[in-house]
Amino acid sequence: MKRYDPALYAILALIFALSCAYVPLAGRGGGEMTIEVVRDGKTEFRAPLGDVPEMLEFRGPEGYNAISSVEGVRMVSADCPGGDCIRAGTIKNAGESIICLPHRLTVKLTKESASEMDAVSY
Amino acid sequence: MNRTRRLVTAALLTSSALVAGLAESRFPLPFPGMRLGIANVFSLAALVSLGPAEAAVVSLGRLVMAFSLGGNAIAFACSAGGLALSLPVMTALYKIFPKSLSVPAISVAGAYAFNIGQLAAIAAIMRTHTVFAYLPPLLLAAAATGYAVGRTAEWIADRVKL
Amino acid sequence: MKKSSLRHFFLIFCSLAGIVGIFSIRMIDPLKTVSRDGISMDTVVRMTASAAKTESELDEILEGAFGLLEEMEKKFSTHDPNSEISAVNAASGAEWVKISYDTYAVLASSINAARLADGAFDPTVGAVTLLWQKKLAEGKIPEDGEISEAVRKTDFGKLSLSAPDGAFLDISGGAIDLGGVAKGYASAAVRDYLRKNDVTSALIDLGGNVAVMGGRAERGEAKRAPWRVGIQHPAKPRGAPICVLEISEGAVITAGVYERFREVQGRRYTHIFDPRAGRPVDGELESVTVVSNDPTQADALSTAFMVMGRDASLRLLSVIPGTDAVFVSRGADGYSVTATAGLEGTLKPSADEVLVEFADVR
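So, how was this worked out
Residues numbered from 1 in each chain as written. Chains lettered and ligands numbered in written order. Predicted model: local features only at pLDDT ≥ 70, side-chain atom pairs only at ≥ 80, totals over all residues. Heavy atoms only, no water. Helix = DSSP H or I, 4+ residues; strand = E, 2+ residues; numbered from the N terminus. Expected span 1.5 Å × (residues − 1). Buried < 20%, exposed > 50% of the residue type's maximum accessible area, 1.4 Å probe, protein only. Polar contact = N/O pair within 3.5 Å; in protein donor to acceptor, adjacent residues only side chain to side chain. Pairing = 2+ DSSP bridges. Phe/Tyr/Trp six-rings, centres within 6.5 Å; stacked < 30°, edge-to-face > 60°. Contact = heavy atoms within 4.5 Å. Buried area = accessible area lost by both parts, 1.4 Å probe. Salt bridge = Lys/Arg side-chain N within 4 Å of Asp/Glu carboxyl O. Nonpolar A, V, L, I, M, F, W, Y, C, P; charged D, E, K, R; others polar. Axes fitted to C-alpha atoms, helices over the stretch in contact; angles between N-to-C directions.

**A closer look at helix α8 (residues 295–308) of chain C**
All names here are of chain C.
Working step 1: Taking 1.5 Å of rise per residue, the 14 residues of α8 would be expected to cover 20 Å, and the 20 Å separating its terminal C-alpha atoms lies within 8% of that figure.
Working step 2: Of the positions making up α8, those classed as buried are Pro-295, Thr-296, Ala-298, Asp-299, Ala-300, Leu-301, Ser-302, Thr-303, Ala-304, Phe-305, Met-306 and Val-307.
Working step 3: The N-cap residue of α8 is Asp-294: its side-chain oxygen and the backbone nitrogen of Thr-296 are 3.1 Å apart.
Working step 4: Gly-309 sits one or two residues past α8 and shows a positive phi near 90°.

**Some points on the sheet that holds strand β6 (residues 90–91) of chain A**
Adjacent strands of a sheet pair through backbone hydrogen bonds, lying either parallel or antiparallel.
Residue and element names in this part refer to chain A.
Working step 1: Read from one edge to the other, the open sheet built from 4 strands follows the order β3-β4-β5-β6, with strand pairing classed as antiparallel. Of all strands in the sheet, those bounded by a partner on one side alone are β3 (55–59) and β6.
Working step 2: Here β3 runs beside strand β4 (residues 64–68); their pairing, made up of 5 bridges, is antiparallel. Across the sheet, the residue bridging to Glu-57 is Ala-66, located in β4.

**Observations regarding the packing of aromatic side chains**
All names here are of chain C.
Working step 1: Counted under the stated rule, the structure contains 8 aromatic pairs over all chains.
Working step 2: When the ring of Trp-132 is compared with that of Tyr-269, the centres are 5.6 Å apart and the planes differ by 35°; the resulting orientation is tilted. Of the two residues, Trp-132 sits in helix α5 (residues 126–137) while Tyr-269 sits in strand β12 (residues 267–270), which places them 137 residues apart along the sequence. Grouping residues by exposure puts Trp-132 and Tyr-269 together as buried.
Working step 3: On the basis of relative accessibility, which here comes to 1%, the residue Trp-132 falls in the buried class.
Working step 4: Of the aromatic side chains, those joined through ring pairs into one cluster are Trp-132, Tyr-269 and Phe-273.

**Some words on the interface of chain A and chain B**
Working step 1: Contacts between the two partners involve 31 residues from chain A, matched on the other side by 37 residues from chain B.
Working step 2: Summing both partners gives a buried area of about 2,900 Å² for chain A against chain B, and 68% of it is carried by carbon and sulfur.
Working step 3: Sorting the residues of chain A by area buried against chain B places A:Tyr22, A:Arg87 and A:Leu101 first, and these three jointly supply 19% of that buried surface.
Working step 4: Linking chain A with chain B are 0 salt bridges.
Working step 5: For the interface between chain A and chain B, the tally reads 4 residue pairs in polar contact (both at pLDDT 80 or more).
Working step 6: Of all elements in the fold, only α1 (5–26), α2 (84–87), β7 (97–100) and β8 (105–110) of chain A reach the threshold of two or more residues within the side of chain A that touches chain B.
Working step 7: Ranked by residue count, the leading element in the side of chain A that touches chain B is α1(A), at 11 residues.
Working step 8: Its residues assigned to classes, the side of chain A that touches chain B shows 17 nonpolar, 5 polar and 9 charged.

**Thoughts on the sheet that holds strand β18 (residues 347–349) of chain C**
Working step 1: With mixed pairing, the 4 strands of this open sheet are ordered in space as β9(A)-β8(C)-β9(C)-β18(C). At either margin of the open sheet sits one strand with a lone partner, and together these are β9 (119–121) of chain A together with β18 of chain C. Averaged over all adjacent pairs, the angle separating strand axes in this sheet is 30°, with direction ignored.
Working step 2: Note that β9(A) and strand β8 (residues 227–232) of chain C share 3 bridges and pair parallel. When the bridges of β8(C) are listed, A:Ala119 appears paired with C:Val229.

**Details of the pattern of salt bridges**
All names here are of chain C.
Working step 1: This model, assessed by the stated rule, comprises 19 salt bridges over all chains.
Working step 2: Taking the shortest distance from any N to any O, the salt bridge between Arg-46 and Asp-205 comes out at 4.0 Å. Of this pair, Arg-46 sits in strand β2 (residues 43–51) while Asp-205 is found in strand β6 (residues 201–206), placing the two residues 159 residues apart along the sequence.
Working step 3: Judged by its relative accessible area of 9%, Asp-205 falls in the buried class.
Working step 4: We note a salt bridge from Glu-146 to Lys-135, for which the minimum N-O separation is 3.3 Å. Note that Glu-146 is positioned in helix α6 (residues 144–152) and Lys-135 in helix α5, a separation of 11 residues in sequence.
Working step 5: The exposure class assigned to Glu-146 is partly exposed, which follows from its relative accessible area of 28%.
Working step 6: Lys-135 gets classed as buried once you look at its relative accessible area, which sits at 14%.
Working step 7: Within the structure, one salt-bridge network assembled from shared partners comprises Glu-149, Arg-152 and Lys-153.

Shape descriptors only; they carry no functional weight alone.
Structure representation (structure tokens):
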């Protein structure tokens, strides 16, 4: 332990606190819990968590992912080399996400209502 | 220390880092993106015993070689993003406060910077900022692994006594 | 290893860090978004605009957009005796009238759309609409003689324009009615105005005539999400959709019989008229939504398609590039939705019982 060590650790602890504060921000918004699947920045699927089937399958140019939505959302199967997304486990809270980097796929939970519209044409 | 010795030491540290990195990738941690960062021991040792330029060479050399030995492009981009942030941070801390910051503390800061840079790279690739939600567990682990890496690097630099 | 080459490595690293830094900064969106509600052109208007400007600058721009709408209302209104359209109507069968650029442009677009739809849409339908409005308000239905008289006064071929500022309706007693096109034209004008003022993303809702541009700017996201525009469910309260369309760029304009109608002697008479028959439309279609980059044409075509019916409309759509449509019809067992194949993947049903069928028209 040197003289400035505590100061540096304090700064790092602050960064950690800020990162914790970000998590609820990522899932901001009111409404029911919504699952959103984004590939390469483009939303492929979005629906209220209560309305989705227990198993969702996604096929993209890079490969296949299967998502289970029973008691939280988790990746149950994927043909990516690392399998990081499967090991990421279960997400339950708004703002959390599972990333399948090789397939450029993000599964995230938000509190944004899927039926929310910007306008209605009549 | 003469030039040849510097060169040999840098090369030795690079190859050690490469082997350590490859060995580590065989045993993934439970959380994606979480790493022990053993390879970083050697970059840090290079920083302490040789200097910033050699530390950059060791890190960059390891990164490029690991990629050419069959790494994937995305993992490369993540590590590059991490290094792009962690190297300047560690170098700056080491250069500005050589007397008043310990190596483990610099190492933890470097590990923090690495994780943030890595997620920034992922955010750029995936085009979404929500990946930063991964940060808290990663930073928590980085505090522990960073400290261990720092102690080990200190020890190695001490033994090498260049 | 020379010291200088080491320095180079270090420089490369610093630039790499710079690049990553720029990427991270791009994630932090400098866009501001401002919304504004109001009443204009006899309807509820809502606009949302995003740009890399301050909020007060955006406020000013939207204020200007509402000003534009006021101006157009003054030119296009048939209720206002001082409007340019009223002037053309008053001089019908007699003389040329000097008109502004906006009126010229909206009339020119109307004539084009009328040609395209072979008269199923007609800007000179005023005689028919006026007759029905008057009779229905009295609780009566026009007689056949009156209807054929009104149809005789409806003929877009007799509406002449002379560039850049002249109009002449060569039917004495004829009347232009821009009800089926004015809002579409107004939303196009507002969209162009916003674009000219460096607004990068906007939604313009003129009483259910929706035009969007640039996708919806979401805080922090580098990519824009598409706007989500609902298509009104014919039997549900205003705002409840039967389908939702994701669209980043273009107009979504609906003509529906459920929207405005009058009941006389137990029968419903809608505000959408078949200009050739001189009668309100009375088919299986509840509504038609046209999706196109040209809001003026979309507005005119939505009316025309209501008149033509689904099958004839689909045939016509095969020769209009870049235009899609959604047809909502009432069948024996609920509502059915048919859409052109161009909307596949972006149009989703939002009510459980509704099935969307896609028709390949190309």
